[in-house]
Amino acid sequence: MTTTSAIIGGTEAQAADYKLRATANSNENDEDYDGLIVFKDYVEKASNGAIEVELFIGTQLCSNGAECLQGISDGTIDIYISTSGGASGIFPYVQVLDLPYLLRDDRIAEEVLSEGTFTRTLRDLALADSGDTIRLMTIGNTGGWRNFANTKRRVQGPGDMEGLKIRTVVADLPQELVKALGASPTPIPWPELFTSFQTGVVEGSKNGITDIMGMKFPDAGLKYVTLDGHAYMGALWWMSNEQFLSMPEDMRRVVVDGFAALQQATFASPKRKSIQAYSEFVAEGGDLYVPTPEEKAAFKEAAAPVYDWFKANINNGEAAFTALTDAAAGAEAKIDGNAAMDVK
């Protein structure tokens, strides 16, 4: 591509060789937006203006996962962020991120996703399934951790989940998890959840605290949150493989480094935003409970049948499960080994 120039206000301005159209179906208060701002700033500077990033926040370009990923495949969209649920209709194995209790904490999750082996496994699977059109660039975070919350009682172990009607999306995996813990999965559209809490159609959910407070669910009776951290809320960042490969390698490196900067921004943003959300929840009379290590182990044991279900029922589920659990084991060994030296 030939670089063109224009004279603006008496100074020479270089036009971009590459324009990347990036979209997120969220808003400017979201972690996804924080990540895109960092990505745009880094890529445009590091490329000396050769790459321009256009941001479309909301539903201007597409309105849901299937539609947006089709845009990536068609080349009408260059960059898109989805949740695992938003991409699972096309790439079902990305639901491995929703499997409970496989990632111990933020440090383990961030090490697994930064190291790259697990992400590259999912990238290869997605490229094969999309005919080499949809490329997974990185996995960040969008909302912290999923925790169980309910209107009825404090939940300290899986036995306390017995009989609770828990809101899920219309997908098999979250419903299998809720059933394994003895509760009743109840699919409810997100916009109807507030009223469903008020009327008792559902008695609980599995959300991050920023979503709970952002939707004012305590006003609908949601008073109990258990910080079991059963699933890391992964954000999958996709890119048009054709657009990526059309760039020379030095520009591809800029984009890859830009996604690394984006990833770090999305790791940090939910931590900061959750501080105020937790404080507001408690101030409004909410009950916040942190399970003991023994209680968390009981949750994991109760949820274990979901792992076998996933491997048996999800296409490429076993490959994705093995990649994640191997990466998690490696991350734990590394971080715990370093911590053992650091505390001495």
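Residues numbered from 1 in each chain as written. Predicted model: local features only at pLDDT ≥ 70, side-chain atom pairs only at ≥ 80, totals over all residues. Heavy atoms only, no water.

Engineer: Residues and numbers for the state of the cysteines, please.
Structural biologist: Such a bond, covalent and formed between the sulfur atoms of two cysteines, is termed a disulfide. Going through the model one piece at a time under the given rule, you end up with one disulfide. Here cysteine 62 pairs with cysteine 68 through a disulfide, and the sulfurs are 1.9 Å apart. Classification of the bridge connecting cysteine 62 and cysteine 68 rests on its S-S torsion, roughly 105°, and on that basis the disulfide is right-handed. Like cysteine 62, the residue cysteine 68 is buried in the burial classification. (Disulfide = S-S within 2.5 Å. Buried < 20%, exposed > 50% of the residue type's maximum accessible area, 1.4 Å probe, protein only.)

Engineer: Could you give me a rundown of the nonpolar core, with the residues and numbers involved?
Structural biologist: In globular proteins that are soluble, nonpolar side chains generally tend to be buried together. Grouped together as the largest cluster of nonpolar side chains are 57 residues, with contacts concentrated most on Val112, Phe118 and Trp238. In this view, phenylalanine 118 contacts Val96, Leu97, Val112, Leu113, Ile139, Ala320, Ala323, Leu324 and Ala327; residues no more than four positions away in its chain are not counted. Ranked by size, the runner-up nonpolar core spans 23 residues in total, among them Ala50, Val53, Met137 and Phe244. (Core = buried A, V, L, I, M, F, W, Y, C linked by side-chain atoms within 4.5 Å. Contact = heavy atoms within 4.5 Å.)

Engineer: I'd like a rundown of empty space enclosed by the protein, residues and numbers included.
Structural biologist: Tallying each qualifying case throughout the model produces one cavity of 30 Å³ or more. Computed from the structure, the largest cavity encloses a volume of approximately 50 Å³. In terms of lining, the largest cavity is formed by Val96, Leu97, Leu99, Leu102, Leu103, Trp145, His230, Ala231, Tyr232 and Leu324. The element best represented in the lining of the largest cavity is strand S10 (residues 224–240), accounting for three residues. (1 Å grid on protein atoms, 1.4 Å probe; cavity = no way out; pocket = protein on both sides within 12 Å on 5 of 7 lines; lining within 4 Å. Points joined across faces, edges and corners; volume = space filled by probe spheres on them. Helix = DSSP H or I, 4+ residues; strand = E, 2+ residues; numbered from the N terminus.)

Engineer: Which residues make up the environment of leucine 164, and what are the values?
Structural biologist: With respect to the secondary-structure elements, leucine 164 resides in the loop between strand S6 (134–150) and strand S7 (165–168). The buried category is assigned to leucine 164, whose relative accessible area is 2%. Between the alpha carbons of leucine 164 and alanine 183 there is a distance of 4.9 Å; along the sequence they are 19 residues apart.

Engineer: Please set out the side chain of serine 240 residue by residue, giving values where relevant.
Structural biologist: Within the element layout of this structure, serine 240 appears in strand S10. Those residues in contact with serine 240, other than ones at most four positions away along the chain, are Ile72, Ile77, Asp78 and Thr133.

Engineer: Mind laying out the layout of surface pockets, listing which residues take part and the relevant values?
Structural biologist: Its boundaries defined by the atoms lining it, the largest pocket holds a volume of some 1,600 Å³. If you go around the largest pocket, you meet 50 residues; those closest to its centre are Thr83, Thr142, Trp190, Asp211 and Met233. Per-element tally for the lining of the largest pocket: the top contributor is helix H10 (residues 249–283), with five residues. When its residues are assigned to classes, the lining of the largest pocket shows 14 nonpolar, 22 polar and 14 charged. For the second largest pocket, the calculated volume is near 400 Å³. Around the second largest pocket, the lining comprises 24 residues; the ones closest to its centre are Asp106, Trp145, Asn147, Gly229 and Tyr278. (Nonpolar A, V, L, I, M, F, W, Y, C, P; charged D, E, K, R; others polar.)

Engineer: Can you tell me about the side chain of threonine 119, naming the residues and giving the values?
Structural biologist: Considering the arrangement of structural elements, one finds threonine 119 in helix H5 (residues 117–129). Setting aside chain neighbours within four positions, we find threonine 119 in contact with Leu113, Leu136, Met137, Thr138 and Ile139.

Engineer: Pulling in residues and values, what's your account of unusual backbone geometry?
Structural biologist: Even without a glycine there, the phi angle at asparagine 48 is positive, about 55°. By the secondary structure assignment, asparagine 48 is in the loop between helix H1 (31–46) and strand S4 (51–57).

Engineer: Tell me what's going on with the environment of threonine 133, and back it up with residues and numbers.
Structural biologist: Counting through the fold element by element, threonine 133 comes out in the loop between H5 and S6. Sequence-wise, threonine 133 and aspartate 74 are 59 residues apart; in three dimensions their C-alpha atoms are separated by 7.9 Å. Apart from residues no more than four positions distant in its own chain, threonine 133 is found in contact with Ile72, Ser73, Leu127, Met239, Ser240 and Asn241. There is a polar contact of 3.0 Å between the side chain of threonine 133 and the side chain of serine 73. (Polar contact = N/O pair within 3.5 Å; in protein donor to acceptor, adjacent residues only side chain to side chain.)

Engineer: Break down H1 for me, with residues and values.
Structural biologist: With 16 residues, H1 should reach 22 Å at 1.5 Å per residue; the first-to-last C-alpha distance of 22 Å fits that figure. Within H1, the full set of buried residues consists of Glu31, Asp32, Tyr33, Gly35, Leu36, Phe39 and Val43. Between the side-chain oxygen of the N-cap and the backbone nitrogen of aspartate 32 there are 2.9 Å, and the N-cap of H1 in question is aspartate 30. Immediately beyond the C-terminal end of H1, within one or two residues, lies asparagine 48, with a positive phi of roughly 55°. (Expected span 1.5 Å × (residues − 1).)

Engineer: Please give an account of the pattern of salt bridges that cites residues and values.
Structural biologist: With the rule as written, the count across this model stands at 12 salt bridges. A salt bridge links aspartate 41 to lysine 45, with the nearest nitrogen and oxygen atoms 3.1 Å apart. Taken together, the residues aspartate 41 and lysine 45, both in helix H1 and four residues apart, mark about one turn of the helix. Accessibility expressed as a relative area gives 59% for lysine 45, which makes it exposed. One salt bridge in this structure joins lysine 271 and glutamate 110, with 2.5 Å as the shortest N-O distance. Of this pair, lysine 271 sits in helix H10 while glutamate 110 is found in helix H4 (residues 106–115), placing the two residues 161 residues apart along the sequence. (Salt bridge = Lys/Arg side-chain N within 4 Å of Asp/Glu carboxyl O.)

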